[in-house]
Amino acid sequence: MKLSVAFITFNEDRIIEKNLISIHDLADEIIVVDSFSTDHTVEICEKFSKVKFVQKKFEGFGKQKNYAISLCSGDWILFLDADEIPDQQAQQSIKKIVGAETSPFNVYEFAFNNIFLGKALKYGGWGNTKRERLFKRNFGKYSEDIVHECFITSEKKGKIEGKINHYTYKDIYHHIEKSNKYTSMMAEKMYANGKRSNALKIIFKPIYQFIKSYIIRLGFLDGLVGYYAAATAAFYTFLKYKKLHEISKFGKAC
């Protein structure tokens, strides 16, 4: 059976080549939907013969991913973020499932190694992540949320042997840049869903987030990187609720 591998991209030249190399032999076709990257993403993708490269204005992660799915012709679809690379065991599992005449499941989820500033995090809510990434065409799609979209399916999910290595951020500056972008979109999503913010939420939600990540979910066992991950999760929460408050008050985040 044919396998389509799909990505959405925007300025991913730090890792997209490594990703494409890892899955090139697995894929029958590779669909890349790009939001008009200004770095070297385009020229890197054009080096790979199996890549079908399409550019589309970004209207939210959910819509962008569903558009990429619509371009896939394979019986199976492996959907990856540009910073997600299946390990060798996961690649073999995918090959076995796609190559079989029948499969016990139509949707499979992967366990993740979330690699944060060079360290694979095991605690703080990072160590037990599972997400749907391999599915038969027409057996699932993404919610059309602007950010933090979820995979929608009515199918029972199988579990893939092996893991996806998720190379989250290049450095602290990259993390702050992405957090600023994502919290703006998240505040818009929350506002559209009827949620509002106030001073108490802006103050206490980040504190609770830090306690949950660092203490309740044992983030301290990941050492200094675990502390940083918890602290930045708290900062993300602060930005999200502060921007939501600004949208509620001024109609936009300042």
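Residues numbered from 1 in each chain as written. Predicted model: local features only at pLDDT ≥ 70, side-chain atom pairs only at ≥ 80, totals over all residues. Heavy atoms only, no water.

Points about the overall build of the chain
What counts is decided by this rule: In DSSP terms, a helix is any run of H or I states spanning at least four residues, a strand is any run of E spanning at least two, and both are numbered starting from the N terminus. Each radius of gyration reported is based on C-alpha atoms, and the globular scaling rule is 2.2 Å times the count of residues to the power 0.38. Between buried and exposed lies partly exposed: a residue is buried under 20% and exposed over 50% of the maximum accessible area for its type, with that area taken using a 1.4 Å probe on protein chains only. By definition in these notes, contact holds between two residues if any of their heavy atoms fall within 4.5 Å. Accessible surface area values rest on a Shrake-Rupley calculation with a 1.4 Å probe, where residue burial reflects the displayed protein chains alone.
If you tally the helices and strands in the chain, you get seven helices and eleven strands. Against the compact-globule benchmark of 18 Å for 254 residues, the chain has a radius of gyration of 19 Å, which places it among compact chains. Along the three orthogonal principal directions, the C-alpha set of the chain runs to about 55 × 40 × 35 Å. Burial status across the chain gives 48% buried among its 254 residues. Considering only contacts in the chain between residues 6 or more positions apart, those separated by 24 or more positions represent 74%. Here the chain displays about 13,100 Å² of accessible surface, and carbon together with sulfur accounts for 54% of that area.

Let's talk about the UniProt feature "domain: Glycosyltransferase 2-like" (unreviewed entry) in the chain
Rules: UniProt positions are given in the numbering used here, feature names are shortened, and annotations may be inferred rather than shown by experiment.
Taking the numbering used here, the UniProt-annotated feature "domain: Glycosyltransferase 2-like" (unreviewed entry) corresponds to residues 4-90. A helix fraction of 30% and a strand fraction of 28% characterise residues 4-90, whose end C-alpha atoms lie 16 Å from each other.

Thoughts on the nonpolar core
Here is the rule: We call a set of buried Ala, Val, Leu, Ile, Met, Phe, Trp, Tyr and Cys residues a nonpolar core when their side-chain atoms join them within 4.5 Å.
Membership of the largest hydrophobic core comes to 28 residues, with the highest contact counts inside it found for Leu 3, Val 5, Leu 20, Ile 30, Leu 78, Phe 110 and Leu 134. Secondary-structure elements contributing two or more residues to this core are strand S1 (3-9), helix H1 (16-23), strand S2 (29-34), helix H2 (41-45), strand S4 (76-79), helix H4 (88-99), strand S6 (107-116) and strand S11 (157-167). No other element matches H4, which puts four residues into this core. Beyond its immediate sequence surroundings of up to four residues, Leu 134 is in contact with Leu 3, Trp 76, Ile 77, Leu 78, Ile 94, Ile 97, Asn 106, Val 107, Tyr 108, Phe 110 and Ile 160. Of all hydrophobic cores here, the second largest spans 24 residues; its members include Ile 8, Cys 72, Phe 135 and Met 190.

Some thoughts on H1
For clarity, the cut-off: Arc, as used here, means the arc of the directions from the helix axis to the C-beta atoms.
Where H1 is concerned, the buried positions are Ile 16, Asn 19, Leu 20, Ser 22 and Ile 23. On an axial view of H1, the arc spanned by its buried residues comes to 160 degrees, and they lie on one face.

Digging into the side chain of Ser 93
Structurally, Ser 93 is set in helix H4. Residue classification places Ser 93 among the buried positions, given a relative accessible area of 11%. If we ignore the near neighbours within four places in the chain, the residues touching Ser 93 are Ile 160 and Glu 161.

Some thoughts on the UniProt feature "transmembrane region" (unreviewed entry) in the chain
With numbering aligned to this structure, UniProt lists the feature "transmembrane region" (unreviewed entry) at residues 214-239. Helix makes up 77% of residues 214-239 and strand 0%, and the two end C-alpha atoms of the span are 19 Å apart.

Some remarks on a nonpolar patch on the surface
Selection criterion: Residues enter patches when their relative accessible area tops 30% and they take part in no salt bridge; the joining distance is 9 Å for like charges and 5 Å for the nonpolar side chains Val, Leu, Ile, Met, Phe, Trp and Tyr. What makes a salt bridge here is a side-chain nitrogen of Lys or Arg within 4 Å of a carboxyl oxygen of Asp or Glu, nothing more.
Taken together, the side chains of Leu 200, Ile 203, Phe 204, Ile 207, Tyr 208, Ile 211, Ile 215 and Ile 216 define a hydrophobic patch exposed on the protein surface, amounting to about 800 Å² of accessible area. Positionally, Ile 203 belongs in helix H6 (residues 199-216). The exposure class assigned to Ile 203 is partly exposed, which follows from its relative accessible area of 45%.

Things to note about the packing of aromatic side chains
Operational definition: Stacked, tilted and edge-to-face pairs are distinguished by plane angle, under 30 degrees for stacked and over 60 for edge-to-face with tilted covering the rest, among Phe, Tyr and Trp rings (Trp via its six-membered ring) whose centres lie within 6.5 Å. Two conditions define a charge sitting above a ring: the NZ of Lys or the CZ of Arg must be within 6 Å of the ring centre, and it must be within 35 degrees of the ring normal.
Using the criterion set out here, one finds 15 aromatic pairs in the structure. The interplanar angle of 75 degrees and the centroid separation of 5.3 Å between the aromatic rings of Tyr 142 and Phe 151 together place this pair among those described as edge-to-face. The class for Tyr 142 is buried, based on a relative accessible area of 3%. For Phe 151, a relative accessible area of 10% corresponds to the buried category. Relative to Tyr 227, the ring of Tyr 214 has its centre 5.6 Å away and its plane inclined at 85 degrees; by these criteria the two rings are edge-to-face. Linking Tyr 214 in helix H6 with Tyr 227 in helix H7 (residues 223-250), this pair joins segments that are 13 residues apart in sequence. Judged by relative accessible area, which is 21%, Tyr 214 ranks as partly exposed. Taken together, the ring pairs in this structure connect Phe 79, Phe 135, Tyr 142 and Phe 151 into an aromatic cluster. One cation-aromatic arrangement involves Lys 65 over Tyr 142; the distance from NZ or CZ to the ring centre is 4.8 Å.

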